[in-house]
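# Coordinate inspection notes
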Amino acid sequence: LQTRMQSLQPDPKAQYRGVYEALKKMVLTEGVWRPLRGMNVTMLGAGPAHALYFACYEKMKKSLSDIFQPGGNSHLANGIAGSVATLLHDAVMNPAEAVVKQRLQMYNSPYTTVLGCVRTVQRTEGLGAFYRSYTTQLTMNVPFQAIHFVTYELVQEHLNPHRQYNPHSHIVAGAVAGAVAAAATTPLDVCKTLLNTQENTALSSLKIRGHLSGMANAFSTVYQLGGVPGFFKGVQARVIYQMPSTAIAWSVYEFFKYFLTKHALEKKS
């Protein structure tokens, strides 16, 4: 839904006024499984990407907090740790989620399978196409994750000051952090989607030949086609997506952190 709603010049059959209408129209015209397209490629990359992501975050948060605020919780340390963790996460996820998944999700996509999409992109645009939006992805995700982690830790301070395992606080803090970070970084996400999908209709209308690259070019193109409101296309879908996504991620992560730590202590004793 987010990918479709961020299209700058969508096909008349794929123009939506809201999230509910988009979902209903997609299911009725393209089938009940269409909204789940691209899920398999996301799942393939999510495991290793998130393993690197949380491992790096925990290690750096502890090391930097000892420097900035010994014995306490430093928001600066949380922000820096989240930003660095993003470098590793996006190196794994950018080709899978940002390029392949979004091309599969576009309306009337010429790609039918993940492997077919990978082969076509590699043959017609080269291997560099899989990382064309990497710097843009980082430009978006570094501030996103900095806001995300700082907000999560801040909400945790109020809901769970002793940092015990508390599913309710993890879910609420995760959802709030995801919503705030998603809304704040939507303009960057619109630019990223344009670079990933190389939307033909939009580029043709401005007589852009070849492939669009670079954040500056993406910003200029979005502004020419949609003005300031163009930078907030799909913001509702993005927030609705990120809230449960970050709530689930944090609650599952905190559960396994609690469970494995408890198990290790029992084994030691």
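Residues numbered from 1 in each chain as written. Predicted model: local features only at pLDDT ≥ 70, side-chain atom pairs only at ≥ 80, totals over all residues. Heavy atoms only, no water.

## A word on the overall build of the protein chain
The helix and strand tally for the protein chain stands at 11 helices and 0 strands. Secondary structure of the protein chain in N-to-C order comes out as α-α-α-α-α-α-α-α-α-α-α. Here the C-alpha radius of gyration of the protein chain, 20 Å, is about what a compact globule of 269 residues would show, namely 18 Å. Counting all 269 residues of the protein chain, 46% fall into the buried class. Considering only contacts in the protein chain between residues 6 or more positions apart, those separated by 24 or more positions represent 72%. In the form shown here, the protein chain has an accessible surface area of approximately 13,900 Å², with 65% of it arising from carbon and sulfur atoms. One finds the centroid of the 25 positive side-chain charges in the protein chain at a distance of 7 Å from the centroid of its 14 negative side-chain charges. (Helix = DSSP H or I, 4+ residues; strand = E, 2+ residues; numbered from the N terminus. Rg over C-alpha atoms; globule rule 2.2 N^0.38 Å. Buried < 20%, exposed > 50% of the residue type's maximum accessible area, 1.4 Å probe, protein only. Contact = heavy atoms within 4.5 Å. Areas by Shrake-Rupley, 256 points an atom, 1.4 Å probe, with all protein chains shown as cover. Lys, Arg positive; Asp, Glu negative; His and termini not counted. Charge placed at Lys NZ, Arg CZ, Asp CG, Glu CD.)

## Here we look at the packing of aromatic side chains
For any pair of aromatic rings, the description rests on two quantities: the centre-to-centre distance and the angle between the ring planes. In this structure the tally under the stated criterion is 15 aromatic pairs. Ring centres of Tyr131 and Tyr134 lie 5.6 Å apart, and the angle between their planes is 85°; on these two criteria the pair is classed as edge-to-face. The exposure class of Tyr131 is partly exposed, given its relative accessible area of 41%. Arranged with centres 4.6 Å apart and planes meeting at 10°, the rings of Tyr165 and Tyr258 form a pair that is stacked. With Tyr165 in the loop between helix H6 (134-159) and helix H7 (167-184) and Tyr258 in helix H11 (residues 235-268), this pair connects stretches of sequence that are 93 residues apart. Among the aromatic residues, ring-to-ring pairing joins Tyr53, Phe54, Tyr57, Phe149, Tyr152, Trp250 and Tyr253 into one connected group. (Phe/Tyr/Trp six-rings, centres within 6.5 Å; stacked < 30°, edge-to-face > 60°.)

## As for H11
Here H11 is 34 residues long and its end C-alpha atoms lie 48 Å apart, about the 50 Å a rise of 1.5 Å per residue gives. Regarding H11, the residues found buried are Ala237, Arg238, Val239, Gln242, Thr246, Ala247, Trp250, Ser251, Tyr253 and Glu254. On its buried side, H11 packs onto helix H1 (2-5), helix H2 (19-30), helix H3 (39-68), H6, H7 and helix H8 (186-197). (Expected span 1.5 Å × (residues − 1).)

## Considering the environment of Leu8
Structurally, Leu8 is set in the loop between H1 and H2. The class of Leu8 is buried, set by a relative accessible area of 12%. C-alpha separation for the pair Leu8 and His162, spaced 154 residues apart in sequence, amounts to 47 Å.

## Concerning the environment of Ala49
Mapped onto the fold, Ala49 is located in helix H3. On the accessibility criterion, Ala49 (0% relative accessible area) is buried. Distance from Ala49 to Glu266, taken between C-alpha atoms, is 30 Å for residues 217 residues apart in sequence. Excluding residues that lie within four positions of it along the chain, Ala49 makes contacts with His89, Val92 and Met93.

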